[in-house]
Amino acid sequence: HYMEVYFGKMRTLSDDKKLSSRYRFMYKDLIELRANRWKARRKQETAKTLDEIRKDMEREERAQAQQSQQGYRGGGPPRDRDQNRSGRGMGGDYRGDSRRSSGMYGGGGGGGSRRGVNKPPPKTDEHGFTQVGRSGKSSSYMGSSPSPRAPPSVSGSSRRSPPRDRKPPSAPSVPALSKDKLELRVKNMKAEFMQDPDEKELLLSMEELSGTPDAGKTMVQVYGDASMDCKDDERKAIIKILSLLFQKGKLSRDDFDGPIGELIEFIDSFVIDSPKAIDYLGDMLAEFIHIKAIGVPWLCNQITKLDHAPDVRLKVIECTIESMKKTQGLAEAKAHFGG
């Protein structure tokens, strides 16, 4: 049966050390899927939408803010009622109370209790009215010198200490995505950008991948493979997304090196299914050289992996130069490649 022939070839390729591990494992996964009657081992997981992710982050921020505010409420434990009974107006026993000698009932010069202190006779004016001390100068009849009354002490929870300076609650860390979820999210980003090419929205979406290791490399790899066999408008969107993210510092040169290097190394296998794959690769290389995500010396080193196919190696360089002439002009093409 022809299917047995195909899968026999796949088994051979899955053990071929000359192929990259990514392609070998893809063959193994397909063989395993067929053996399992075309049922996936794991249930396909779908990524959250942007609105769902934002709502989750807002919910976590509100919960953290509420927890931090609750930390300021309350204070020490409530005071015992028996302690309040010794206060004024409760009929408590004042024996041993410090207020007997603190000057609350008299001046500070040695006034103790009210006994033994002669009250001076009230003064009257010429009309027979009793004189009362003026505001701010009233005399005390209990001591030799007036003493300002100290404000009552406040303890426990009745006095709220001013809040200490604190840092605002930090934003919750972005959770890492699984490989399947990451690849699905990257594909959704491309679809969203094609529908609405909003630069700010693209950068926000990229921030949501910051908690996933090697998210940039995965993005370049997924987009690079897709660009070999897709429509022209999708390919242009892919190149624009990668170029924009690199210029905004969301992608690095390391993110491009591995995936684009593999794309160059196996470009001859892509040509089998997509005859214009080398032209598409040239468009990507021209743009990435222009933004300095890769360099011409790096490209020359990578195409040495195509020594087994010298015609393909030469065509990669020719297509890159031609694409740069069309998009960036002859002068820039000469500046990078000379001639």
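Definitions and cut-offs
Residues numbered from 1 in each chain as written. Predicted model: local features only at pLDDT ≥ 70, side-chain atom pairs only at ≥ 80, totals over all residues. Heavy atoms only, no water. Helix = DSSP H or I, 4+ residues; strand = E, 2+ residues; numbered from the N terminus. Buried < 20%, exposed > 50% of the residue type's maximum accessible area, 1.4 Å probe, protein only. Contact = heavy atoms within 4.5 Å. Axes fitted to C-alpha atoms, helices over the stretch in contact; angles between N-to-C directions. Parallel < 35°, antiparallel > 145°, perpendicular 65-115°, else oblique. Nonpolar A, V, L, I, M, F, W, Y, C, P; charged D, E, K, R; others polar. pLDDT = per-residue confidence, 0-100. Salt bridge = Lys/Arg side-chain N within 4 Å of Asp/Glu carboxyl O. Left-handed = near helix turned anticlockwise from the far one by under 90°. Patch = residues over 30% accessible without salt bridge, like charges linked within 9 Å, V, L, I, M, F, W, Y side chains within 5 Å. Areas by Shrake-Rupley, 256 points an atom, 1.4 Å probe, with all protein chains shown as cover. Phe/Tyr/Trp six-rings, centres within 6.5 Å; stacked < 30°, edge-to-face > 60°. Lys NZ or Arg CZ within 6 Å of the ring centre and 35° of its normal.

**A word on the environment of Val-316**
Then comes step 1: Summarising the element assignment, Val-316 is placed in helix α13 (residues 310-328).
Then comes step 2: Judged by its relative accessible area of 1%, Val-316 falls in the buried class.
Then comes step 3: A sequence separation of 13 residues divides Val-316 from Ile-303, and the C-alpha atoms of the two residues are 8.1 Å apart.
Then comes step 4: Excluding its chain neighbours within four sequence positions, the residues that come into contact with Val-316 are Ile-267, Ile-278, Leu-281, Leu-285, Ile-303 and Leu-306.

**Re the packing of α13 against helix α14 (residues 330-337)**
The axes of two packed helices give the description: the angle between them and the distance between them.
Then comes step 1: Between α13 and α14, the least distance of the axes is 7 Å, while the angle of their chain directions is 140°. Considering the angle they form, α13 stands oblique to α14. The segment α13 lies against α14, with Thr-320, Ile-321, Met-324, Lys-325 and Gln-328 engaging Leu-330, Glu-332, Ala-333, His-336 and Phe-337.
Then comes step 2: Tallied by class, residues from the contact of α13 with α14 come to five nonpolar, three polar and two charged.

**Details of the confidence of the model for the protein chain**
Then comes step 1: Residues at a pLDDT of 70 or more form 67% of the protein chain, whose mean pLDDT is 76.
Then comes step 2: Taken together, the stretch residues 75-116 has pLDDT below 50 and engages in 33 contacts with residues farther than four places along the chain or on a different chain.
Then comes step 3: Ignoring residues within four places in sequence, the model shows residues 154-158, a span with pLDDT below 50, making four contacts including any to other chains.

**Some remarks on the pattern of salt bridges**
Then comes step 1: Enumeration according to the criterion identifies nine salt bridges in this entry.
Then comes step 2: The shortest N-O distance in the salt bridge between Glu-192 and Arg-185 comes to 3.7 Å.
Then comes step 3: A salt bridge links Lys-250 to Glu-207, with the nearest nitrogen and oxygen atoms 2.2 Å apart. Taken together, the positions of Lys-250 in the loop between α8 (232-247) and α9 (253-265) and Glu-207 in helix α6 (residues 199-207) put the pair 43 residues apart, joining distant regions of the chain.
Then comes step 4: For Glu-207, a relative accessible area of 36% gives the class partly exposed.

**Concerning the packing of helix α7 (residues 215-227) against α9**
Then comes step 1: Closest axis-to-axis distance for the α7/α9 pair is 8 Å, and the angle between their directions is 30°. Looking at the two axes, α7 sits roughly parallel to α9. For α7 against α9, the interelement crossing comes out right-handed. On the side of α7, the interface is formed by Gly-216, Lys-217, Val-220, Gln-221, Gly-224 and Asp-225, while α9 contributes Asp-254, Asp-255, Phe-256, Pro-259, Ile-260 and Leu-263.
Then comes step 2: Residues that form the contact of α7 with α9 fall into these classes: five nonpolar, three polar and four charged.

**A few points about unusual backbone geometry**
Then comes step 1: Residues other than glycine seldom take positive phi values, yet Trp-38 does so here, at roughly 60°.
Then comes step 2: Among the secondary structure elements, Trp-38 is positioned in the loop between α2 (21-35) and α3 (50-70).
Then comes step 3: One non-glycine residue, Asp-214, adopts positive backbone phi at about 55°.
Then comes step 4: Within the secondary structure, Asp-214 sits in the loop between α6 and α7.

**A short note on a nonpolar patch on the surface**
Then comes step 1: A grouping of Tyr-2, Val-5 and Tyr-6 is seen on the molecular surface, where their side chains present a nonpolar patch of about 360 Å² in accessible area.
Then comes step 2: Along the chain, the position of Val-5 falls in helix α1 (residues 2-14).

**Focus on the side chain of Thr-218**
Then comes step 1: Position of Thr-218 among the secondary structure elements: in helix α7.
Then comes step 2: Look at Thr-218 and you get buried, because its relative accessible area is 18%.
Then comes step 3: Filtering out sequence-adjacent residues up to four positions away, Thr-218 remains in contact with Leu-182 and Glu-183.

**Examining the packing of aromatic side chains**
Then comes step 1: Overall, the coordinates contain four aromatic pairs when judged by the stated rule.
Then comes step 2: Feature note: the residues Phe-246, Phe-256 and Phe-288 constitute an aromatic cluster, connected by ring pairs.
Then comes step 3: Cation over ring: Arg-34 sits above Phe-7, and NZ or CZ is 4.5 Å from the ring centre.
Then comes step 4: Here Arg-235 stacks its cationic end above the ring of Tyr-280, 3.4 Å away from the centre of that ring.

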